[in-house]
Amino acid sequence: MEDRAPEVSSTTTQTSLSQSALIRRREGRGAWVLTAYGISGLVLFGLLAYFFSNYVAH
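Residues numbered from 1 in each chain as written. Predicted model: local features only at pLDDT ≥ 70, side-chain atom pairs only at ≥ 80, totals over all residues. Heavy atoms only, no water.

Peer 1: I would appreciate a short explanation of the overall build of the protein in the present structure.
Peer 2: Of the regular secondary structure elements, the protein holds one helix and zero strands. Relative to its full complement of 58 residues, the protein shows a buried share of 0%. When the accessible surface of the protein is summed, it comes to about 5,800 Å², and 65% of that surface belongs to carbon and sulfur atoms. (Helix = DSSP H or I, 4+ residues; strand = E, 2+ residues; numbered from the N terminus. Buried < 20%, exposed > 50% of the residue type's maximum accessible area, 1.4 Å probe, protein only. Areas by Shrake-Rupley, 256 points an atom, 1.4 Å probe, with all protein chains shown as cover.)

What follows is the structure, encoded as C-alpha cells:
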C-alpha cells in the first residue's frame, strides 16, 4: 500500500491544467507581438528604402 501514489483531487488537476493553458496563452501572445513588431519593422524599412531610392533617383 505504501508503494501506491497518493490520489490527486480533480480540483488540483483542473487548477494545474488551467495554469498551464494560461502560460501557453501568454507565450502565444508574446509570439504574436514579436511577429507584429517584425512586420512593422519590415514595412518601415521598405518605406524608408522607397523614399531614399526616390530621393536618389531625382
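After presenting the structure, the write-up continues.
Peer 1: Just checking my understanding: could you explain the packing of aromatic side chains for this structure?
Peer 2: Here the distance between the centres and the angle between the planes together describe a pair of aromatic rings. Evaluation of the coordinates by the stated rule reveals one aromatic pair. Measuring from ring centre to ring centre gives 5.3 Å for Tyr50 and Phe51, while their planes differ by 65°; the resulting arrangement is edge-to-face. In this structure Phe51 comes out as exposed when scored by relative accessible area, which is 52%. (Phe/Tyr/Trp six-rings, centres within 6.5 Å; stacked < 30°, edge-to-face > 60°.)

Peer 1: What exactly am I supposed to notice about a nonpolar patch on the surface here?
Peer 2: Residues Ile39, Val43, Leu47, Tyr50 and Phe51 make up a contiguous nonpolar surface patch of about 530 Å² in total accessible area. As for its placement among the helices and strands, Val43 is situated in helix 1 (residues 10-57). (Patch = residues over 30% accessible without salt bridge, like charges linked within 9 Å, V, L, I, M, F, W, Y side chains within 5 Å. Salt bridge = Lys/Arg side-chain N within 4 Å of Asp/Glu carboxyl O.)

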